[in-house]
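Descriptive structure summary
Listed here are the chains, written in short residue letters.
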Amino acid sequence: MKNISTLIFLLALGVFSFTKELTQYVSYTVQKGDRVEKIYKKFLLPLNNENYEYFLKLNTKKTDKNLKLMLNVKYKLPILKLKESELEKFLRSIINEDSITFVKTQIIEYNRDINTRGLKENKTEIWIPLYLIKNYTEQIQNLPTTNISSKKNTLARNKLYFPFYGEDVKIKVKSNLLSDYVFYLISGHGGPDPGAIGIYEGQELHEDEYAYDITLRLAKYLEMNGAKVYMITIDTIDGIRDDKFLTPSYKEVYYGGVVIPQNQKERLELSAKILNELYLNEIKGKKKHHISINIHLDSRSEEEKIDVFFYYQENNEDSKFVAESLRNTFEEQYNKHQPGRGYRGTIETRNLFMLRNSLPTTVYIELGNIRNRNNQIRFIERNNRDALAKWICFGLIKYAKLKKTPKSNKIK
Ligand SMILES: [Zn+2]
């Protein structure tokens, strides 16, 4: 009886006004300084278009298209509340048999994170963010879309498509050295996956946060040199951060606001798919060169100090050439800034998913061991993060210059 379950579901969503019962949604009373983005961050909801639209729909009389909030007023969030005992039955009524286990796992993990944050008073409740079930239910997908056209929302949306460096940060283009280039930057992990975790003075260092900050700084330098840049992993709240300890979060999404899956294989496949789609679209345009850079921090035993090193794509001369240019630049920069230190970063090839499955020329960078005390300084000091980004940019400029030089003139 699909129709009946549809009806029940629509009732639960409050789409029909048969019920005035509001308790099915998690609600939140607005405090001073709250914005929708801040509330979403707190409740671990990704800042994607759907979630904005849900918010508008759920709170039609209390907000406007600018998502303005009234102090001390209760707002509904796009999270359904159920008794734990009802979860299974509820999921069966809306989701295909094959997907139930997957969705249920995601919901349970979400609730575990929410419980850790102490947000739920009644722990026998189970919370279901609509975004976790929307792909499985036509009913939600077909919710009439609100016409979001205000400036604020355009801004919020822009953050899903353009590198977001921080409120009011504008980039000035200073050279056209990379104006013929498109870069697709993928900072490792993010969303539900923190990547490797190191401990420094009792604080957790999450790979995804540090990789993101460095990648974002790199994006800035590339844009300053005229390049077009896509960030495949996106954080719509954190711009470039100067703190030593970058607060761990799970709010990153993929380009365009796509939710990052929990499952590692799906996560990689989806990022490659998004990257390749952007690339296939870009090559129809004017830009001649396309490079994808994956940025990671490695995790090894605490004692192991490692220099920045690079992986290139097997059988791709260009990828090897990019890796070489980066490596040589790091060597030059270390010699310049820390003479006598020496630099032992390597380039090699490796059978990695993103190297195999990315269509543009791709290089994979490992920035250091997140568990090694000495390497950790490379990440927690903002000047070091900035230098890493700058040097990667220098390396790419070096590559671009060599690429312009006829082959016979290349320095062997
Ligand atoms: Zn990693």
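Thresholds, definitions, all that
- Residues numbered from 1 in each chain as written.
- Predicted model: local features only at pLDDT ≥ 70, side-chain atom pairs only at ≥ 80, totals over all residues.
- Pairing = 2+ DSSP bridges.
- Helix = DSSP H or I, 4+ residues; strand = E, 2+ residues; numbered from the N terminus.
- Axes fitted to C-alpha atoms, helices over the stretch in contact; angles between N-to-C directions.
- Contact = placed C-beta atoms within 7 Å.

Below, the discussion takes up the sheet that holds strand β2 (residues 74-83). On the basis of which strands lie adjacent, the open sheet formed by 3 strands has the order β1-β2-β3 and antiparallel pairing. Of all strands in the sheet, those bounded by a partner on one side alone are β1 (25-29) and β3 (125-129). Strand-to-strand twist in this sheet, taken as the mean axis angle between neighbours without regard to direction, amounts to 45°. Both β1 and β2 contribute to a ladder of 4 bridges, which runs antiparallel. By the bridge assignment, Thr 29 is partnered in β2 with Lys 74.

With that settled, consider unusual backbone geometry. Its identity is not glycine, yet Asn 72 carries a phi of approximately 65°, on the positive side. With respect to the helices and strands, Asn 72 occurs in the loop between α3 (49-58) and β2.

In this section: the sheet that holds strand β10 (residues 289-298). Ordered in space as β7-β4-β10-β13-β11-β12, the 6 strands form an open sheet in which the pairing is mixed. On the outer flanks of this sheet lie β7 (228-231) and β12 (347-349), each paired with one strand and no other. Neighbouring strand axes in the sheet, compared pairwise and without regard to direction, differ in orientation by 25° on average. Here 4 bridges tie strand β4 (residues 181-187) to β7, and the two strands are oriented parallel to one another. Looking at the pairing, Tyr 184 lines up with Tyr 230 of β7. Lying on the sheet, helix α11 (residues 317-337) is in contact with β10, β11 (309-312), β12 and β13 (361-369); it crosses β13 at an angle near 35°. Of the strands in this sheet, β10 and β13 are in contact with helix α13 (residues 373-380), which crosses β13 at around 120°.

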